[in-house]
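# Residue-level structural notes
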Amino acid sequence: MGILLVDHKLDEVFSVADHIIGLANGRVVLSGSANTVNHDDVVHAIVGESASSLSSGYVAPASGPEAGPSEDRTHREGQGSDVVLNAVHVSTDRLKDVTLQVRAGEVLGLYGLVGSGRSRFLRTLYGAERPPGGSLTLTGSPYRPKSPARAIRSGIAFLSEERKADGFIPGMSAKENVSLPVLHRFSRAGRLQRRRIAQATRDALKEVAVRGDTEQPITRLSGGNQQKVLFARAALQQPRLLLLDEPTKGVDVGAKAEIHALIRAMAADGDVAVIVVSTEEEELIGLADAVCVFKDGSCDGIKYLRDTVTPGDLRRLAWPSSRRPSDAGESVVNSATPHEKAPVD
């Protein structure tokens, strides 16, 4: 009996397949034995670019005494970057104690098991959960997330995990969905300036390379293009803090690489801080500057630099019985000023 597996998760494909075929634009672009084809070959065939150019690390000059290995962006999170979000002992009925910090130009990954509180923390910041206890500052000012509208006004953009449930309005076109959070910018004397709206949404969609008819309901686009529409909407908001919950869920490998590039481009602007939640360890390590680990509704704010941590390290740190750095005789992190450490064996 032969088995045909259709999957865009390359780790799964390489773990079970004997032969790998890549399809793009309705034709076969790669075919070979799993022993002779690698991850980069698949991505290059489908996307037209090497995986390393879109999703691997790179080294840049570090800044600040705590700086570690960095990436191909011209910035480096450190003393020269402004703190966008500082969370100290944040708690709700589901979050026990969350402390972390993210700076302008930084991509911070959040990792943890299902139910660890990662996604709930993002929803709390966006005002979609009950207001939390503890201390939150956003761009240096006290912040209390009471509602999504308040979060948007405060400079926060959010892409939820379930885009079809709460990411967009199905009956509206891609262009209409993009414009929703910023309509107030195009209003004069109570009337919408429709030509300006059309131009702004057209430019935003072009910037993220959405393929398909953006005048039709957004549900007619592929999953990857729907997600790129939401990135266009976020970019049009000009946020200071971008919250991404499973941003590549349900998209193919080509769209995944393009979304990674979009995230890096937004962070490279220098003013935006990005927080990414993902259940894929490899994705976080390849995309984020550093990763914080959630466990049982808590996060201690320790940042594990991407070039010093492995998928196995993240799994061990997230497991309920794993040790914290303080258990291994290391100094306890100052909760008000979380910093970077290598993983504990």
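Residues numbered from 1 in each chain as written. Predicted model: local features only at pLDDT ≥ 70, side-chain atom pairs only at ≥ 80, totals over all residues. Heavy atoms only, no water.

## Structural notes on the state of the cysteines
How we decide: Disulfide: a pair of cysteine sulfur atoms within 2.5 Å of each other. Three labels apply to residues, based on accessible area from a 1.4 Å probe with only protein chains included: buried if under 20% of the type maximum, exposed if over 50%, partly exposed otherwise in between.
Here the structure, examined in full by the defined rule, presents zero disulfides. You can see cysteine 292 has no disulfide; the closest cysteine sulfur is in cysteine 299, sitting 4.5 Å from it. The class for cysteine 292 is buried, based on a relative accessible area of 0%. Exposure remark for cysteine 299: the relative accessible area of 3% places this residue in the buried category.

## A closer look at the sheet that holds strand S7 (residues 141-142)
Counted only if it meets this: In this scheme, strands are said to pair when DSSP sees at least two bridges between them. For the purposes of this entry, the term helix denotes a DSSP run of H or I that reaches at least four residues, the term strand denotes a run of E that reaches at least two, and both are numbered from the N terminus.
If you walk across this open sheet you meet the five strands as S7-S6-S3-S4-S14, and the pairing is mixed. Looking along the sheet, the strands with just one partner apiece sit at the ends: S7 and strand S14 (298-299). Here strand S6 (residues 133-138) pairs with S7 via two bridges, running antiparallel. Residue leucine 138 lies in a different strand from S7, and its bridge partner there is serine 141.

## As for the packing of aromatic side chains
In plain terms, the rule: Ring geometry is summarised as follows: Phe, Tyr and Trp rings, the Trp one being its six-membered ring, pair when their centres sit within 6.5 Å, and such pairs are stacked at plane angles under 30 degrees, edge-to-face over 60 and tilted between the two.
Under the definition given, this model contains two aromatic pairs. Plain terms: the ring middles of phenylalanine 121 and phenylalanine 294 are 5.8 Å apart, the flat faces sit at 45° to each other, and that makes the pair tilted. With phenylalanine 121 in helix H4 (residues 118-125) and phenylalanine 294 in the loop between strand S13 (290-293) and S14, this residue pair connects regions lying 173 residues apart in the sequence. What makes phenylalanine 294 buried here is its relative accessible area of 0%. Ring geometry for tyrosine 126 against phenylalanine 158: centres 5.0 Å apart, planes inclined by 45°, an arrangement best described as tilted. Remark: phenylalanine 158 occurs in strand S8 (residues 156-159) and tyrosine 126 occurs in the loop between H4 and S6; sequence separation between them is 32 residues.

## Overview of helix H10 (residues 253-268)
Applied cut-off: By this rule the span expected of a helix is its residue count minus one, scaled by 1.5 Å. Pairs of N or O atoms are called polar contacts if they sit within 3.5 Å, as long as, within protein, a hydrogen donor faces a hydrogen acceptor (for residues adjacent in sequence, only side-chain-to-side-chain pairs).
Across its 16 residues, H10 extends 23 Å between first and last C-alpha, which sits within 8% of the 22 Å expected from 1.5 Å per residue. Most of H10 sits out of view: 12 of its 16 residues are buried. All of the buried residues in H10 are Val253, Gly254, Ala255, Lys256, Ala257, Ile259, His260, Leu262, Ile263, Arg264, Met266 and Ala267. If you check the start of H10, you find a side-chain oxygen 3.1 Å away from the backbone N of glycine 254, and it comes from aspartate 252. Glycine 270 occupies a position one or two residues after H10 and carries a positive phi of about 95°.

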